[in-house]
2 protein chains.
Amino acid sequence: MTPEKLLDAVEGFSTPLFVYDLDAILDRLSLLKKLFDGRFGVSYAIKANPNMGLLRALQPQLEMFDASSILEVRRAIATGMKPEFISFSGPAKRKVEIHEAVDLHVGELILESLSEAEEASAYAQSKGLLQPCLVRINPLHVPRKFGASMARTASQFGIDEEQMGDALPQIAELAGLNLVGFHIYSGTNCLDPEAIAENFENFARIFEQAQAQTGIEVHRLVFGSGFGIQYLPDETQLDHEALPALVNPIVDALLQKPGFEKATCNLELGRWLVGPFGWLLTRTISEKSSRGSEIRTCDAGFNNHLAACGMMGSVFRRNWVFQNISNPQGKTSAYMLVGPLCTSIDRLAVDVELAEVTVGDVIAIEGSGAYGLTASPSRFISHPEPREVTYHDGRFTDASETERHPLTTLPA
Amino acid sequence: MTPEKLLDAVEGFSTPLFVYDLDAILDRLSLLKKLFDGRFGVSYAIKANPNMGLLRALQPQLEMFDASSILEVRRAIATGMKPEFISFSGPAKRKVEIHEAVDLHVGELILESLSEAEEASAYAQSKGLLQPCLVRINPLHVPRKFGASMARTASQFGIDEEQMGDALPQIAELAGLNLVGFHIYSGTNCLDPEAIAENFENFARIFEQAQAQTGIEVHRLVFGSGFGIQYLPDETQLDHEALPALVNPIVDALLQKPGFEKATCNLELGRWLVGPFGWLLTRTISEKSSRGSEIRTCDAGFNNHLAACGMMGSVFRRNWVFQNISNPQGKTSAYMLVGPLCTSIDRLAVDVELAEVTVGDVIAIEGSGAYGLTASPSRFISHPEPREVTYHDGRFTDASETERHPLTTLPA
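Residues numbered from 1 in each chain as written. Chains lettered and ligands numbered in written order. Predicted model: local features only at pLDDT ≥ 70, side-chain atom pairs only at ≥ 80, totals over all residues. Heavy atoms only, no water.

Concerning the relation of the copies chain B and chain A
Stage number 1. Of the transformation placing chain B onto chain A, the axial shift is 0.0 Å and the rotation is 180 degrees, giving an RMSD of 0.0 Å. The relationship between the two copies is best expressed as a two-fold rotation axis. For chain B, the residue whose C-alpha comes nearest the rotation axis is Pro377(B), separated from it by 1.9 Å.
Stage number 2. Looking at chain B, 100% of its interface residues are interface residues in chain A too, so the copies touch through the same face. (Least-squares fit on C-alpha atoms with pLDDT ≥ 70 in both. Contact = heavy atoms within 4.5 Å.)

What follows is the structure, given as structure tokens:
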């Protein structure tokens, strides 16, 4: 989105402000669905960005919503999605959540353990239901070049590959469950097409093994995509055009194997779809020269964007991509950008090159469409909640979900 | 609080649950006020824990509330505190916040920069008011043994010590402001009494210099305490009994200097007062043996306690102090405790020794009274909001502030 357009949003909705470009996101979704020529449906991981305006726009174009809590299931249903097109994953589902999901007839319960399977089966049976489910498997190996990786070491997610032989046949036998397939999500935020293909090849091998161990006719396979996006200035975008040549043969070979003839595949993702088309816009409140640094304080800090401040799993804080949209052509120099919080760890960027920043300028933080607002401690130090706006068909719409009561609002 | 008592709270309010022991906190406050024999009043930093139940209990015993946003000022007023006993600090005060603070007649506006001083002065003048204020100073040096330290390097907080000579006389001249004193908060979470005393000695030297540069009659000095608490198993508590012998001579000497005869001193703190008397209680939802680790998933993760998960400024994640309050006498072994989030970074503890943990057990996270709920991304993945309860005079009271609507609640 151009700086001018982003400034229009600020004009209408003040700062701090999250802007989501639904037009671009929907274009990206079409592109994705064409890319693999029908081999993959798309399952959107709500956790990446659960904004209702965004979910409602995505819903008609999606095969599935993946919910990672029962409250995310309710969000998906609130968009008008039929429960049969909702999957429910998560490593610590409470009994009440499993029961509600079964009662709602969610299409795919993603089982993370044998005990979860037993709970769901018993409950479904007590209600005279047969709950469709997938088993999530946790691979032993994940290729390098993935960000957060759930394999190799101990993990709370799914059934470990080396325990499949033991657990899968037991789950397949459970009377209240209809085991329809398998699910793997083993690593995130990968920018290397060959590493993604290597990962999918490993998935295919495990899926085949899981089918052999259970003897089921597979209806669904979920490939956790791990497709990454650019966060840092020196990163490149994932070359998604390179993926089909690498990935399609893997899928085609798998689907010809016995037991897979009726299988359909879904790509599960969130970040890649929405991340690049969201911005956090923050206004500079004051300026200070301190010990060789030009500091600009902003009205958003880690309370509004934990990940951009390097506090969400990063070992070292590195600057994301920032732009001074109020003065895009200005002469650049180095700034320290900090948030409004009374703590010295509230740093947005250190030594970041920006077009000259004066008080009142609006800074855009790129790559903020996923894991932004809801992944941040927005109540910390009681600053006003950022608003969220969507951009669609040339118009901005307020999509904020925060209650606007006296303890969270300020006059404009 | 005993395990039995904590379990009573769970019985009444489910999990995840923050419990704040107001009786213990009020005892600690009395202790603090006696400790220095009247030399210090106490200013509670609301940011540490802004729960209204807690603030209301503290209010009658406090000299001041320190608010770090205008919404925290409103919280303080909502307790019944007179605005004259509220200070307002923060490195990025918006104009509307400064104006509201002046209109409310807050007792001490803590000025972080010359431009903030000019804004406040101009506004106060336009309303025919004289706004009392302190200048915050950012020292060049902070002793070792402090946690987050705001000195030595570039900082957004206050006026750098080396710029005082330039800025302070200008602020003292501003017609809408009444400069009544100075404020320093330069480091947090220190467990060493001698380092704290050394820090205060540096404060005293700077305060003296600031008085000389402005010629004011000092009425108020704020000492940011930096008093630390134990978070890690191998840490000790701060030996607060050792402080008076080290600190009192510094204060007494300062108050005999010209210009300081009418000065009163406040200790500003939050963590030391409330941190040790809060617990996050979380229930184990499932168990898994994975690659040599005994994993227990819990219904609270970094969505409810960012700091305990090592994601709030820590370079390395280290285990806090955990207790299995459902089985305190059980045989101990090592566990990995994880939260309910669909991300591998959601780890509460790794290789932590706990009395045998089975599904349904309640785990207490110690040291959770400060920087807990509001400093955590509680909306992440739409898990139910933890409740907050206070314990006072033998009774638990629901002090939750979350709206209980369908997207944030589950049946018990």
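Alright, that's what it looks like, and here's the rest.
Focus on the domain arrangement of chain A
Residues and elements named next belong to chain A.
Stage number 1. Each assigned domain of chain A is listed with its residue range as follows: domain 1 (89–269) and domain 2 (276–398).
Stage number 2. A straight line from the C-alpha centre of domain 1 to that of domain 2 covers 36 Å.
Stage number 3. Each side of the interface is counted separately: domain 1 has 6 residues, and domain 2 has 6 residues.
Stage number 4. Surface buried jointly by domain 1 and domain 2 totals about 620 Å² across both partners, of which 65% is contributed by carbon and sulfur atoms.
Stage number 5. Three residues, Ile229, Tyr231 and Leu232, lead the burial of domain 1 against domain 2; their summed loss comes to 72% of the area buried on that side.
Stage number 6. If you look at where domain 1 meets domain 2, you find 1 salt bridge.
Stage number 7. As a salt-bridge pair, Arg318 and Asp234 come within 2.9 Å of each other at their nearest N and O atoms.
Stage number 8. The interface formed by domain 1 and domain 2 includes 1 residue pair in polar contact (both at pLDDT 80 or more). (Domains from an automatic or database assignment. Buried area = accessible area lost by both parts, 1.4 Å probe. Salt bridge = Lys/Arg side-chain N within 4 Å of Asp/Glu carboxyl O. Polar contact = N/O pair within 3.5 Å; in protein donor to acceptor, adjacent residues only side chain to side chain.)

Brief notes about the nonpolar core
Stage number 1. Of all hydrophobic cores here, the largest spans 236 residues; its most connected members are Tyr44(A), Phe182(A), Phe227(A), Tyr44(B), Phe182(B) and Phe227(B).
Stage number 2. Counting residues in hydrophobic clusters, the runner-up holds 13 residues, among them Val10(B), Trp279(B), Leu281(B) and Ala364(B). (Core = buried A, V, L, I, M, F, W, Y, C linked by side-chain atoms within 4.5 Å. Buried < 20%, exposed > 50% of the residue type's maximum accessible area, 1.4 Å probe, protein only.)

Remarks on the side chain of Ser293(A)
Stage number 1. On the secondary structure map, Ser293(A) appears in strand β12 (residues 293–298).
Stage number 2. Assessed through its relative accessible area of 18%, Ser293(A) is described here as buried.
Stage number 3. With near-sequence residues (within four places) excluded, Ser293(A) lies in contact with Lys288(A), Met336(A) and Ala154(B). (Helix = DSSP H or I, 4+ residues; strand = E, 2+ residues; numbered from the N terminus.)

A word on the interface of chain B and chain A
Quoted interface sizes are often the accessible area lost when the parts come together.
Stage number 1. Contacts between the two partners involve 86 residues from chain B, matched on the other side by 87 residues from chain A.
Stage number 2. A combined buried area of about 6900 Å² lies between chain B and chain A, and 57% of that area is made up of carbon and sulfur atoms.
Stage number 3. On the chain B side of the contact with chain A, Arg94(B), Arg291(B) and Arg379(B) bury the most area, a combined 13% of that side's loss.
Stage number 4. Taken together, chain B and chain A are joined by 6 salt bridges.
Stage number 5. Of the charged contacts in the structure, one is a salt bridge between Arg291(A) and Glu162(B), with a shortest N-O distance of 2.8 Å.
Stage number 6. At the boundary of chain B and chain A, one finds 34 residue pairs in polar contact (both at pLDDT 80 or more).
Stage number 7. Looking at the side of chain B that touches chain A, the elements with two or more residues in it are α4 (70–78), α5 (95–103), β6 (131–138), β11 (278–290), β12 (293–298) and β14 (332–338) of chain B.
Stage number 8. For the side of chain B that touches chain A, the residue count by class is 38 nonpolar, 28 polar and 20 charged. (Nonpolar A, V, L, I, M, F, W, Y, C, P; charged D, E, K, R; others polar.)

Topic: unusual backbone geometry
Stage number 1. With omega at -10 degrees, the peptide bond leading from Thr15(A) into Pro16(A) counts as cis.
Stage number 2. For Asp37(B), which is not glycine, the phi torsion reads 55 degrees and is therefore positive.
Stage number 3. Looking at Asp37(B), the relative accessible area reads 66%, which means it is exposed.

Quick word on the packing of aromatic side chains
In this description, a pair of aromatic rings is defined by centroid distance and the angle of the planes.
Stage number 1. Inspection of every chain in the model, using the stated rule, returns 30 aromatic pairs over all chains.
Stage number 2. Ring pairing ties together the aromatic residues Phe36(A), Phe40(A), Phe200(A), Phe203(A), Phe207(A) and Phe223(A), which thus form one cluster.
Stage number 3. In this arrangement the basic side chain of Lys93(B) is found over the ring face of Phe88(B), its NZ or CZ atom lying 5.5 Å from the centre. (Phe/Tyr/Trp six-rings, centres within 6.5 Å; stacked < 30°, edge-to-face > 60°. Lys NZ or Arg CZ within 6 Å of the ring centre and 35° of its normal.)

Here we look at helix α1 (residues 3–13) of chain B
All names here are of chain B.
Stage number 1. The set of residues buried in α1 consists of Pro3, Leu6, Ala9 and Val10. The arc enclosing the buried residues of α1, seen along the axis, measures out at 115 degrees, which places them on a common side. For α1, the exposed residues set more than 90 degrees away from the buried face come down to Glu4, Glu11 and Gly12.
Stage number 2. Looking at the packing, one finds that the buried side of α1 touches β1 (17–21), β11, β13 (322–324), β16 (362–365), β17 (387–392) and β18 (395–398).
Stage number 3. Ser14 sits one or two residues past α1 and shows a positive phi near 65 degrees. (Arc of directions from axis to C-beta.)

Let's talk about the pairing of strand β18 (residues 395–398) of chain A
Residues and elements named next belong to chain A.
Stage number 1. One ladder, built from 4 bridges, connects strand β17 (residues 387–392) with β18; its direction is antiparallel. Note that in β18 the partner of Val389 across the bridge is Asp398.
Stage number 2. Hairpin connection from β17 to β18: 2 residues lie between these consecutive antiparallel strands, with Asp393 at a positive phi of about 50 degrees. (Pairing = 2+ DSSP bridges.)

Focus: helix α5 (residues 95–103) of chain A
Stage number 1. By the burial criterion, the buried members of α5(A) are Glu97(A), Ile98(A), Glu100(A), Ala101(A) and Val102(A).
Stage number 2. If you follow the buried residues of α5(A), they end up packed against α4 (70–78), β4 (86–88), β5 (108–111), α6 (114–126) and β6 (131–138) of chain A.

Looking at the environment of Gly187(A)
Stage number 1. Here Gly187(A) is to be found in the loop between β8 (177–184) and α8 (193–214).
Stage number 2. C-alpha separation for the pair Gly187(A) and Val321(A), spaced 134 residues apart in sequence, amounts to 23 Å.

Here we look at the pairing of strand β1 (residues 17–21) of chain A
All names here are of chain A.
Stage number 1. Burial analysis of β1 places 5 of its 5 residues in the buried class, which makes it a mostly covered element.
Stage number 2. With burial as the criterion, each face of β1 is covered, one bearing Leu17, Val19 and Asp21 and the other bearing Phe18 and Tyr20.
Stage number 3. Note that β1 and β17 share 5 bridges and pair parallel. Among the inter-strand pairings, Phe18 is bridged to a residue of β17, identified as Glu388.
Stage number 4. Examined bridge by bridge, β1 and strand β11 (residues 278–290) share 4 bridges and lie antiparallel to one another. Counterpart to Leu17 in the pairing with β11 is Leu281.

Notes on the packing of helix α7 (residues 164–173) of chain A against α8(A)
All names here are of chain A.
Stage number 1. Closest axis-to-axis distance for the α7/α8 pair is 8 Å, and the angle between their directions is 55 degrees. With respect to their mutual orientation, α7 and α8 come out oblique. Every pair of crossing elements has a handedness; the one defined by α7 and α8 is right-handed. Here α7 contributes Met164, Gly165, Leu168, Pro169 and Ala172 to the contact with α8, which in turn contributes Ile206, Gln209, Ala210, Gln213 and Thr214.
Stage number 2. Classifying every residue of the contact of α7 with α8 gives 6 nonpolar, 4 polar and no charged. (Axes fitted to C-alpha atoms, helices over the stretch in contact; angles between N-to-C directions. Parallel < 35°, antiparallel > 145°, perpendicular 65-115°, else oblique. Left-handed = near helix turned anticlockwise from the far one by under 90°.)

Quick notes on the state of the cysteines
Stage number 1. A full pass over the atoms with the stated rule returns 0 disulfides over all chains.
Stage number 2. With no disulfide of its own, Cys133(A) has Cys342(B) as its nearest cysteine by sulfur position, at a separation of 16 Å.
Stage number 3. The class of Cys133(A) is buried, set by a relative accessible area of 0%. (Disulfide = S-S within 2.5 Å.)

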